[in-house]
Amino acid sequence: MKHFLKGAAAVAIVLMISLGIHVFCNMQGIGLNTTVTATVSAMCAVAVYHVLISNEHKNDGQE
């Protein structure tokens, strides 16, 4: 269950950052490509998830 919650947290972080970027770009009149944006968002979410998991593995090794 911890991994599911960490995955959900990673997605929430990436979505909030993506929302901010989209709002800024829309206010400036910049159009973003949906396919590229979705791909980059997915890769960032996986990267954040791996950072969260690696921190857990490091803490397990120290005990």
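These numbers were taken from a predicted model, which means no experiment stands behind them.

(A) Structural detail: the overall build of the chain. Looking only at helices and strands, the chain features 2 helices and 0 strands. Scaling as 2.2 N^0.38, a compact globule of 63 residues should have a C-alpha radius of gyration of about 11 Å, whereas the chain reaches 15 Å, well beyond that. Projected onto its principal axes, the C-alpha positions of the chain cover 50 × 20 × 20 Å. In the chain, which comprises 63 residues, the share counted as buried stands at 14%. Accessible surface, the chain: about 4,900 Å² in total, of which carbon and sulfur atoms supply 71%.

(B) Region of the structure containing the state of the cysteines. Tallied over the entire structure, the rule returns 0 disulfides. This cysteine, Cys25, is not joined by any disulfide, and Cys44 carries the nearest cysteine sulfur, 14 Å off. Cys25 gets classed as buried once you look at its relative accessible area, which sits at 10%.

(C) Just the side chain of Ser18, in detail. Its place among the elements puts Ser18 in helix α1 (residues 2–28). Classification of Ser18 as buried rests on a relative accessible area of 16%. Excluding its chain neighbours within four sequence positions, the residues that come into contact with Ser18 are Thr37 and Ser41.

(D) Summary view of α1. Compared with an ideal rise of 1.5 Å per residue, which puts 27 residues at 39 Å, α1 spans 39 Å between its outermost C-alpha atoms and is within 8% of the ideal. Among the residues of α1, Gly7, Ala10, Val14, Ser18 and Cys25 are the ones counted as buried. Two residues or fewer past α1, Gly29 is found with a positive phi of approximately 80°.

(E) Structural view of a nonpolar patch on the surface. A contiguous nonpolar surface patch, about 420 Å² in accessible area, is contributed by Ile13, Ile17, Ile21, Ile30 and Leu32. Structurally, the position occupied by Leu32 is in the loop between α1 and α2 (34–62). Of the residues examined, Leu32 reaches a relative accessible area of 35% and is grouped as partly exposed.

(F) Layout of the environment of Ala42. Here Ala42 shows up in helix α2. C-alpha of Ala42 to C-alpha of Leu32: the two residues are 10 residues apart in sequence and 16 Å apart in space.

About the thresholds
Residues numbered from 1 in each chain as written. Predicted model: local features only at pLDDT ≥ 70, side-chain atom pairs only at ≥ 80, totals over all residues. Heavy atoms only, no water. Helix = DSSP H or I, 4+ residues; strand = E, 2+ residues; numbered from the N terminus. Rg over C-alpha atoms; globule rule 2.2 N^0.38 Å. Buried < 20%, exposed > 50% of the residue type's maximum accessible area, 1.4 Å probe, protein only. Areas by Shrake-Rupley, 256 points an atom, 1.4 Å probe, with all protein chains shown as cover. Disulfide = S-S within 2.5 Å. Contact = heavy atoms within 4.5 Å. Expected span 1.5 Å × (residues − 1). Patch = residues over 30% accessible without salt bridge, like charges linked within 9 Å, V, L, I, M, F, W, Y side chains within 5 Å. Salt bridge = Lys/Arg side-chain N within 4 Å of Asp/Glu carboxyl O.

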